[in-house]
Amino acid sequence: MEKEYNPALQFDAFTAGIEDGGLRSSSSIAILACYIIARSKEKLTKKNVVDALVEGKIANYFEISSAIAKMIKTDNLVEGDDGYLSITDKCAFNVEMLENDLPITIREKAVELAAKTARLEIYKKENKATVEKDGDRYKVTLHVSDKNCDFMVLSLYFPSEAQAQVVKEKFQTHPGEVYENLINSIFSDN
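**Student:** A description of the nonpolar core should follow, citing residues and the corresponding values.
**Tutor:** Counting 31 residues, the largest nonpolar core has L32, I36, V49, L53, I64 and I68 as its most contacted members. Those elements giving two or more residues to this core turn out to be α1 (26–39), α2 (46–55), α3 (61–73), α4 (89–98) and α5 (104–126). Considering each element in turn, this core owes the most residues, nine residues, to α1. Beyond its immediate sequence surroundings of up to four residues, I68 is in contact with A33, K46, V49, V50, L77 and L85. Judged by nonpolar contacts, the second largest core, of nine residues, contains A129, V140, V144 and F158.

**Student:** Describe a nonpolar patch on the surface, listing the residues and the values that go with them.
**Tutor:** On the surface, a cluster of nonpolar side chains totalling about 320 Å² of accessible area is made up of V54, Y61 and F62. By the secondary structure assignment, F62 is in helix α3.

**Student:** Outline the sheet that holds strand β3 (residues 84–87), listing residues and values.
**Tutor:** Taking strand neighbours across the sheet as the criterion, the three strands line up as β1-β3-β2 in an open arrangement whose pairing is antiparallel. The sheet is open, and its two borders are formed by β1 (44–45) and β2 (77–79), each paired with just one other strand. Sheet topology note: the β2/β3 ladder contains three bridges and is antiparallel. Among the inter-strand pairings, V78 is bridged to a residue of β3, identified as S86. Packing against the sheet, α3 makes contact with β2 and β3, and its axis sits at approximately 95° to β2.

**Student:** Give me the packing of aromatic side chains: which residues, what numbers.
**Tutor:** Each aromatic ring pair is summarised here by two numbers: the centre-to-centre distance and the angle between the ring planes. Within the structure shown, the criterion is met by two aromatic pairs. Judged by centre distance (5.1 Å) and plane angle (90°), the ring pair of Y61 and F62 falls under edge-to-face. Taking the relative accessible area as the measure of exposure, F62 reaches 60% and is therefore exposed. Ring geometry for F151 and Y179: centres 4.9 Å apart, planes at 85°, overall edge-to-face. Of this pair, F151 sits in strand β6 (residues 149–158) while Y179 is found in helix α7 (residues 175–187), placing the two residues 28 residues apart along the sequence. For Y179, a relative accessible area of 26% gives the class partly exposed. Lying across the ring of Y157, R137 places its NZ or CZ 4.0 Å from the centre.

Conventions adopted
Residues numbered from 1 in each chain as written. Predicted model: local features only at pLDDT ≥ 70, side-chain atom pairs only at ≥ 80, totals over all residues. Heavy atoms only, no water. Core = buried A, V, L, I, M, F, W, Y, C linked by side-chain atoms within 4.5 Å. Buried < 20%, exposed > 50% of the residue type's maximum accessible area, 1.4 Å probe, protein only. Helix = DSSP H or I, 4+ residues; strand = E, 2+ residues; numbered from the N terminus. Contact = heavy atoms within 4.5 Å. Patch = residues over 30% accessible without salt bridge, like charges linked within 9 Å, V, L, I, M, F, W, Y side chains within 5 Å. Areas by Shrake-Rupley, 256 points an atom, 1.4 Å probe, with all protein chains shown as cover. Salt bridge = Lys/Arg side-chain N within 4 Å of Asp/Glu carboxyl O. Pairing = 2+ DSSP bridges. Axes fitted to C-alpha atoms, helices over the stretch in contact; angles between N-to-C directions. Phe/Tyr/Trp six-rings, centres within 6.5 Å; stacked < 30°, edge-to-face > 60°. Lys NZ or Arg CZ within 6 Å of the ring centre and 35° of its normal.

Here it is, written out as structure tokens:
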């Protein structure tokens, strides 16, 4: 039996920047945005959802941004004062009805990437890293924090700004690992 044609799932979206298998339907992109927010264990902002789908080459930046704006305007999504998105009953119903129209690999990848971008945003807020020019070298200062309290501050020096920026970005991606590795090194028996 042939699957019934669904006119809401036409290929009407811009495809610049997406890979084969990415979403090419504006309605699919909107449903995926709702799905991600509904299924994520992390609190998500518009930026988290957009960054996740762009990073995963699942959908075009402009299409995702437009879909989220439309979903907010049509009361499918609510953006709180803190910037976090939540779904409405209307959105939850649409997700239940249409989630199977989206490939499971796309759904899983999108939720995983959104959680990753949300965690990265939190890491960057909580664990500050700065780069400053200090004579002919660059000083990177790393702060491992828990809310308002630093429990480690580490300064490192590099000969180039590019190297300093790489260290800053790597630290902000995995601050807990940096802290744990340093503590393990200090307290190891070697």
